[in-house]
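Survey of secondary and tertiary structure
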Amino acid sequence: AVAIIRVVGMTTDKNDPSANPSDDVKYLVQVKSHDYPIVPFRGSVCLLGGNANKKDATPLDTLKRELNEELHNPAWVDQIDPATVVDYSHKQHTDGPSNNSSAVPPSGTVHYLGATLHFQSSELISKPNPYAFVCALYEITLRPEDLPPSAIYPRGANILEGRVVLLTEDQLKRHSKYAWGYEYTMEAYFGKTTVNKQKGTAVSIVDDKTWRETVWTPAK
């Protein structure tokens, strides 16, 4: 489970003619370290989150555990209530998720955006066998005060396998390369083609009925 974490209300100098109002929204992501073991993914963007373990009852449990590990237990993570997660999966790959809406949801709002199957060729990951995983995708809206101070500054915060940075939509669409097929995730999210695609990566939508019946029981 991973999350597209958008931070709204970033300070933009309204008196600066070169200021871009869209920069009032930035996205909290991980940039893989220079010594990441999969060479093509070095310096690439990865969404925050990770793999499930046996103690996780749901993908949301996985996401919360991973975010606590990667962001050092911010208070808002434990405040995520499964009963308040809004199911946006019916909009995936159609008219786009909530980022296309003119109404910005309150800080702490979580949307479930659906599940995808991510395939990586053996050549890409330098392994004898290809690797694939099913990924549950969420969108979380935050404000700058919800972030640790180190995440707001350009250098980012050191975390396992990389560092946390805030990037604009333009940076994500036009100037970033991605790990684990998340270029396709962001392409669907923004409704715009991303420039950089890793050779040997493919992503497809997981049938929603199959996903729900096998690995996830949504909150009422």
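Details of the structure are given in the entry above.
A brief report on the enclosed structure follows.

Topic: the packing of aromatic side chains
Counted under the stated rule, the structure contains eight aromatic pairs. Both rings, one in Tyr-27 and one in Tyr-189, keep their centres 6.3 Å apart while their planes meet at 85 degrees; by these two values the pair is edge-to-face. Of this pair, Tyr-27 sits in strand β2 (residues 25–32) while Tyr-189 sits in helix α6 (residues 182–190); the two residues are 162 residues apart in sequence, bridging distant segments of the chain. Under the relative-accessibility criterion, Tyr-27 is labelled buried at 5%. Since its relative accessible area comes to 2%, Tyr-189 is described here as buried.

Thoughts on unusual backbone geometry
Its identity is not glycine, yet His-72 carries a phi of approximately 65 degrees, on the positive side. For His-72, the location among the structural elements is in the loop between α1 (59–71) and α2 (75–78). One non-glycine residue, Ser-126, lies in the positive phi region at around 55 degrees. Relative to the helices and strands, Ser-126 is located in the loop between α3 (122–125) and β7 (131–142). For Ser-126, a relative accessible area of 62% puts it in the exposed group.

Some points on the nonpolar core
Counting 28 residues, the largest nonpolar core has Ile-4, Leu-47, Leu-172, Trp-180, Tyr-182 and Met-186 as the members making the most contacts within it. Those elements that provide at least two residues to this core are β1 (2–8), β2, β3 (45–46), α3, β7, β9 (162–167) and α6. Looking at this core element by element, the count peaks at four residues for α6. The residues contacting Leu-47, other than those within four sequence positions of it, are Val-2, Ala-3, Ile-4, Val-29, Leu-137, Tyr-182, Thr-185 and Met-186. Of all hydrophobic cores here, the second largest spans 27 residues; its members include Leu-63, Trp-76, Tyr-112 and Val-164.

Quick word on the side chain of Glu-183
Take Glu-183: it is sitting in helix α6. Lys-197 is the oppositely charged side chain nearest to the buried, salt-bridge-free Glu-183, at an N-O distance of 6.8 Å. Of the polar contacts made by the side chain of Glu-183, one reaches the backbone nitrogen of Gln-198; its length is 2.9 Å. Sequence-distant contacts of Glu-183, that is, excluding residues within four places in its chain, are made with Tyr-178, Thr-194, Asn-196, Lys-197, Gln-198 and Thr-201.

Conventions we followed
- Every chain is numbered independently, its residues counted from 1 as its sequence is written.
- Local features in this predicted model are restricted to residues whose pLDDT is 70 or higher, and side-chain atom pairs enter the listing and the counts only when it is 80 or higher, whereas totals over whole chains, interfaces and linings include all residues.
- The basis for every side-chain value is the complete set of non-hydrogen atoms in the structure, without hydrogens or water.
- Stacked, edge-to-face and tilted labels apply to pairs of Phe, Tyr and Trp rings (six-membered ring for Trp) whose centres lie within 6.5 Å, assigned for plane angles under 30 degrees, over 60, and everything in between, in that order.
- The numbering of helices and of strands both runs from the N terminus, where a helix is a DSSP run of H or I of at least 4 residues and a strand a run of E of at least 2.
- Here's how the labels work: a residue is buried when its accessible area is under 20% of the maximum for its type, exposed when over 50%, partly exposed in between, all with a 1.4 Å probe on protein chains only.
- Think of a nonpolar core as a cluster: buried Ala, Val, Leu, Ile, Met, Phe, Trp, Tyr and Cys residues, connected wherever their side-chain atoms sit within 4.5 Å.
- Should any heavy atoms of two residues lie within 4.5 Å, those residues are considered in contact.
- Two residue types count as positive, namely Lys and Arg, and two as negative, namely Asp and Glu; His and chain ends fall outside the count.
- Should a side-chain nitrogen of Lys or Arg be within 4 Å of a carboxyl oxygen of Asp or Glu, the pair is scored as a salt bridge.
- Two N or O atoms count as a polar contact when they lie within 3.5 Å, although within protein this holds only if one can serve as hydrogen donor and the other as acceptor, and sequence-adjacent residues are included solely when both atoms are side-chain atoms.

Taken by themselves, the reported measurements are silent on function.
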